[in-house]
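Next come the chains, spelled out residue by residue.
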Amino acid sequence: MTADVSKGRRRPWRTALVEQAPRPPRPTDYPSRLHSSAVAARVGIALGLAFAVCFVTGLSSHLIQHPPGWFVWPSGPVWMYRVTQGLHVSTGIASIPLLLIKLWAVSPRFWQWPPVTSVVNGLERGSMFLLVGAAFFELITGLFNVAEFYPWGFFFPPVHYAVAWVAIGALVVHIAVKLPVIRAALSGSLESEPVHDVDDPAASARTFTGPLTRRGLLALAGGAALTTVLATVGDKIPALRRISILAQRDGSGPQGLPVNNTAHSAGVLASATDPAWRLTVVGPQQTRRSFNLSELRSLPQVTATLPISCVEGWSQSATWTGVRLGDLLAIVGGDGRGARMTSLETGLYAVSEVSAKVAADPLTLIALDLESTPLDIDHGYPARLIGPNRPGVLQTKWLSRIEVHE
């Protein structure tokens with residue numbers, strides 16, 4: 001009897017399972033008109049410009065620290081590295097909200113079916129996913145570097161530099177493929193076009209705008225980028241320090257100047273304060289002179305206002321007094337030559353190179369005083385290099401030896 005009753009009938013629970021069976025999302029499941037090619041293209045233009053500035057300024061910083069033979073970085077104006085590295089960090093931070101809004105605008109495309117419809121479409125999607133992955137890596141690791149927080153096992157600078165090339169390469173391919181869409185967006189012909197191709201005739205009936213217009217979303221993107229910059233730029237522009245609640249540095253530190261690497265962390269407390277300390281200057285034919293602190297102070301002293309500009313983006317000007325590097329090199333016959341600066345510190349940044357042009361600049365000093373008082377131990381006592389237009393990591397502290405280039 002039970003078999004006869006059930007024969008030929010659809011069981012209710014089976015029907016419910018068929019009707020409620022999950023399926024992957026489709027582009028037409030995103031009815032908001034904010035998911036439009038116009039919004040995606042315009043946010044993408046702003047993001048592309050931010051990426052371009054960030055890449056060029058980051059590339060220049062890398063070349064300054066690891067200069068190939070053909071690269072020449074001028075010694076002036078003294079504030080140029082301060083500006084370029086500040087732009088590098090600020091455009092990177094501004095890119096974070098722009099990237100998130102851009103990804104939200106194009107999110108229906110993630111569920112395109114079939115996943116690849118043509119060679120060009122495959123190239124576009126491949127470059128997009130490569131770009132998104134590289135961009136997130138660069139922005140997240142860069143943000144952690146600004147905070148001096150390194151939870152990974154690799155050395156940050158070369159990896160960040162290498163992935164930057166991957167990101168910019170993927171961006172160039174993506175722009176090349178999407179150039180017709182970008183042109184149409186700029187001409188205003190995409191105002192009513194969705195970010196996906198709607199094959200379902202009923203999809204247009206499901207499309208809605210909601211309380212936020214496209215212009216409102218674009219304003220939100222710009223406002224979010226501007227807000228993140230203003231919240232963090234105070235360590236680069238002191239006048240904005242009061243409103244930059246997320247700035248890395250507040251301007252405090254020994255002698256009114258922030259410190260990245262202390263004498264304790266560098267392991268130089270004993271050697272830098274040893275009364276037997278001498279600064280040895282070695283000339284081209286191994287001519288050498290050793291100076292104690294009093295002898296350095298007996299040489300002609302020069303005072304200059306120069307910024308400390310760190311690769312993490314913060315910078316601050318200060319007044320330094322000391323001996324011109326060119327004068328010290330001339331004593332051992334090193335006129336017109338560059339020099340190698342060696343610190344009491346050991347490790348990656350114990351040595352820096354100074355080109356002949358920078359060494360000859362009258363503002364390149366072996367500083368002994370900061371703000372009219374002897375250098376604090378954390379600022380490089382008893383003597384440090386301070387030169388114009390150089391990254392802070394190359395302004396070698398706790399000097400022990402200067403060797404003239406052959």
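A few words now on the layout of surface pockets. In this structure, the second largest pocket encloses a volume near 580 Å³. Lining the second largest pocket are 27 residues; nearest its centre among them are Ile-64, Gln-65, Pro-67, Glu-353 and Leu-394. Broken down by element, the lining of the second largest pocket gets its largest block of residues, four residues, from strand β6 (residues 351-354). Across the lining of the second largest pocket, the residue classes tally to 17 nonpolar, seven polar and three charged.

Glancing now at the packing of helix α4 (residues 80-106) against helix α8 (residues 214-232). Running from N to C, α4 and α8 point in directions that differ by 155 degrees, and their axes come no closer than 8 Å. The orientation of α4 relative to α8 falls into the category roughly antiparallel. When you trace α4 past α8, the crossing you get is right-handed. Packed against α4, whose contacting residues are Ser-90, Ile-93, Ala-94, Pro-97, Leu-98, Ile-101 and Trp-104, the element α8 presents Leu-217, Leu-220, Ala-221, Ala-224, Ala-225, Thr-228, Val-229 and Thr-232 at the interface. Of the residues contributing to the contact of α4 with α8, the split by class is 12 nonpolar, three polar and no charged.

Reading across the sheet, the five strands line up as β2-β1-β10-β5-β6 and stay open at both edges, with mixed pairing between neighbours. Both edges of this open sheet fall to β2 (288-291) and β6, since each of them pairs with a single strand only. Strand-to-strand twist across the sheet, computed as the mean angle between neighbouring axes with direction ignored, equals 15 degrees. Here strand β1 (residues 279-282) pairs with β2 via four bridges, running antiparallel. Residue pairing across strands places Leu-279 opposite Phe-291, the latter belonging to β2.

So, on to the nonpolar core. In summary, soluble globular proteins display a tendency toward joint burial of nonpolar side chains. The biggest cluster of nonpolar side chains holds 28 residues, and the ones touching the most others in it are Phe-51 and Leu-99. Ranked by residues supplied to this core, first place goes to α4 with seven residues. Judged by nonpolar contacts, the second largest core, of 23 residues, contains Val-281, Val-323, Met-341 and Leu-368.

Turning our attention to a nonpolar patch on the surface. Taken together, Val-53, Trp-79, Val-83 and Leu-87 make up a surface patch of nonpolar side chains, about 350 Å² in accessible area. Tracing the backbone through its elements, the reader meets Val-53 in helix α3 (residues 37-65). Judged by its relative accessible area of 33%, Val-53 falls in the partly exposed class.

A few words on the side chain of Glu-312. As for its placement among the helices and strands, Glu-312 is situated in the loop between β3 (302-309) and β4 (315-324). The charged side chain of Glu-312 is buried without a salt bridge, its nearest counter-charge being Arg-249 at 6.2 Å. Among the polar contacts listed, one links the side chain of Glu-312 to the side chain of Asn-260, at a separation of 3.0 Å. Residues in contact with Glu-312, not counting those within four places in the same chain, are Val-89, Asn-145, Val-146, Glu-148, Tyr-150, Gln-248 and Asn-260.

A word on the packing of helix α5 (residues 119-146) against helix α6 (residues 156-187). α6 packs onto α5 with a crossing angle of 145 degrees between their chain directions and a minimal axis gap of 8 Å. Note on packing geometry: the crossing formed by α5 with α6 is left-handed. Taken together, the residues of the contact of α5 with α6 sort by class into 17 nonpolar, six polar and three charged.

Turning our eyes to something else, we now look at the packing of aromatic side chains. Counted by the stated rule, this structure contains 12 aromatic pairs. Note on Phe-144 and Trp-152: the rings are 6.0 Å apart at their centroids and 10 degrees apart in plane angle, and the pair reads as stacked. Note on Trp-152: relative accessible area 18%, which makes it buried. For the ring pair Tyr-161 and Trp-165, a centre distance of 6.4 Å and an interplane angle of 90 degrees mean the geometry is edge-to-face.

Using the criterion set out here, one finds six salt bridges in the structure. As a salt-bridge pair, Arg-340 and Glu-353 come within 2.6 Å of each other at their nearest N and O atoms. Remark: Glu-353 occurs in strand β6 and Arg-340 occurs in strand β5 (residues 339-343); sequence separation between them is 13 residues. Among the residues examined, Arg-340 registers a relative accessible area of 39% and is labelled partly exposed. Glu-403 is the salt-bridge partner of Arg-401, the closest N and O atoms lying 3.5 Å from each other. Looking at Arg-401, the relative accessible area reads 26%, which means it is partly exposed.

Calculation rules
Residues numbered from 1 in each chain as written. Predicted model: local features only at pLDDT ≥ 70, side-chain atom pairs only at ≥ 80, totals over all residues. Heavy atoms only, no water. 1 Å grid on protein atoms, 1.4 Å probe; cavity = no way out; pocket = protein on both sides within 12 Å on 5 of 7 lines; lining within 4 Å. Points joined across faces, edges and corners; volume = space filled by probe spheres on them. Helix = DSSP H or I, 4+ residues; strand = E, 2+ residues; numbered from the N terminus. Nonpolar A, V, L, I, M, F, W, Y, C, P; charged D, E, K, R; others polar. Axes fitted to C-alpha atoms, helices over the stretch in contact; angles between N-to-C directions. Parallel < 35°, antiparallel > 145°, perpendicular 65-115°, else oblique. Left-handed = near helix turned anticlockwise from the far one by under 90°. Contact = heavy atoms within 4.5 Å. Pairing = 2+ DSSP bridges. Core = buried A, V, L, I, M, F, W, Y, C linked by side-chain atoms within 4.5 Å. Buried < 20%, exposed > 50% of the residue type's maximum accessible area, 1.4 Å probe, protein only. Patch = residues over 30% accessible without salt bridge, like charges linked within 9 Å, V, L, I, M, F, W, Y side chains within 5 Å. Areas by Shrake-Rupley, 256 points an atom, 1.4 Å probe, with all protein chains shown as cover. Salt bridge = Lys/Arg side-chain N within 4 Å of Asp/Glu carboxyl O. Lys, Arg positive; Asp, Glu negative; His and termini not counted. Polar contact = N/O pair within 3.5 Å; in protein donor to acceptor, adjacent residues only side chain to side chain. Phe/Tyr/Trp six-rings, centres within 6.5 Å; stacked < 30°, edge-to-face > 60°.

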